[in-house]
Amino acid sequence: MKLILNTQSMVPIYEQIVQQIERMIAEGKLVAGDPLPSVRALAAELRISALTVKKAYDRLEEEGLTATVHGKGTYVTAANQEMMAEQMRREIEKDLEQIIQKAIAGGLTRDEIRDMMQFLLEE
């Protein structure tokens, strides 16, 4: 599983794992029934503590995105795609708000920002 961890980030490592797996599910890269790597295998691959991976897997299970079958592994469940899409929209909205604030702080007007967004959407 291709996960990229940023040790310089203020976001805890287990949360980075959760976010990336949530994104893979939302994008359809992981679908219901797909197995996740074992806790130990993913910990070894990422060179982190197995407890950190376990915490991430527990969080995914609490959210209803995965189910763990003892002795067999952790699997993606039939996630509510609408819920995942809404979560993705919220993340994008938050990112756009930050970008807009940065643009305004940089002296751009609302019209300039709109024009820029429209131009980028047309490409």
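Before going into details, it helps to say that this report is about the structure given with it. For clarity, every value in this text was computed on a predicted model and none was experimentally measured.

A few points about the packing of helix H2 (residues 39-46) against helix H3 (residues 50-62)
At a closest axis distance of 8 Å, the pairing of H2 and H3 adopts a crossing angle of 120°. With respect to their mutual orientation, H2 and H3 come out oblique. In this structure, H2 meets H3 at a crossing whose hand is right-handed. The segment H2 lies against H3, with Val 39, Leu 42 and Ala 43 engaging Ala 50, Val 53, Lys 54 and Tyr 57.

Overview of the pairing of strand E1 (residues 66-69)
Two elements, E1 and strand E2 (residues 73-76), share four bridges in a ladder whose sense is antiparallel. Considered in E2, the bridge of Thr 68 is made with Thr 74.

Focus: the environment of Ala 56
Within the secondary structure layout, Ala 56 lies in helix H3. Residue Ala 56 is classed as buried on the basis of its relative accessible area, which comes to 0%. In the structure, Ala 56 is positioned 19 residues away from Tyr 75 in sequence and 13 Å away in space, judged by C-alpha atoms. Residues within four places of Ala 56 in sequence aside, it is in contact with Tyr 14, Ile 17 and Val 18.

Structural notes on the packing of helix H1 (residues 13-26) against H3
In contact at an axis separation of 8 Å, H1 and H3 are set at 45° when each is read in the N-to-C sense. When the axes of H1 and H3 are compared, the pair comes out oblique. In the crossing of H1 with H3, the sense of the turn from one axis to the other is right-handed. Residues Ile 13, Tyr 14, Glu 15, Ile 17, Val 18, Ile 21 and Glu 22 of H1 pack against Thr 52, Val 53, Lys 55, Ala 56, Tyr 57, Arg 59 and Leu 60 of H3. Per-class residue counts for the contact of H1 with H3 are nine nonpolar, one polar and four charged.

What about H3?
The terminal C-alpha atoms of H3, which comprises 13 residues, lie 18 Å apart, in line with the 18 Å expected from a rise of 1.5 Å per residue. For H3, the complete set of buried residues consists of Val 53, Ala 56, Tyr 57 and Leu 60. Buried residues of H3, seen end-on, are gathered within an arc of 95° and therefore sit on one face of the element. Those residues of H3 that are exposed and aimed more than 90 degrees away from the buried face are Leu 51 and Glu 62. In this structure, the buried side of H3 is in contact with H1, H2, E1 and E2. Phi turns positive, to about 80°, at Gly 64, one or two residues after H3.

About the thresholds
- Residues numbered from 1 in each chain as written.
- Predicted model: local features only at pLDDT ≥ 70, side-chain atom pairs only at ≥ 80, totals over all residues.
- Heavy atoms only, no water.
- Axes fitted to C-alpha atoms, helices over the stretch in contact; angles between N-to-C directions.
- Helix = DSSP H or I, 4+ residues; strand = E, 2+ residues; numbered from the N terminus.
- Parallel < 35°, antiparallel > 145°, perpendicular 65-115°, else oblique.
- Left-handed = near helix turned anticlockwise from the far one by under 90°.
- Contact = heavy atoms within 4.5 Å.
- Pairing = 2+ DSSP bridges.
- Buried < 20%, exposed > 50% of the residue type's maximum accessible area, 1.4 Å probe, protein only.
- Nonpolar A, V, L, I, M, F, W, Y, C, P; charged D, E, K, R; others polar.
- Expected span 1.5 Å × (residues − 1).
- Arc of directions from axis to C-beta.

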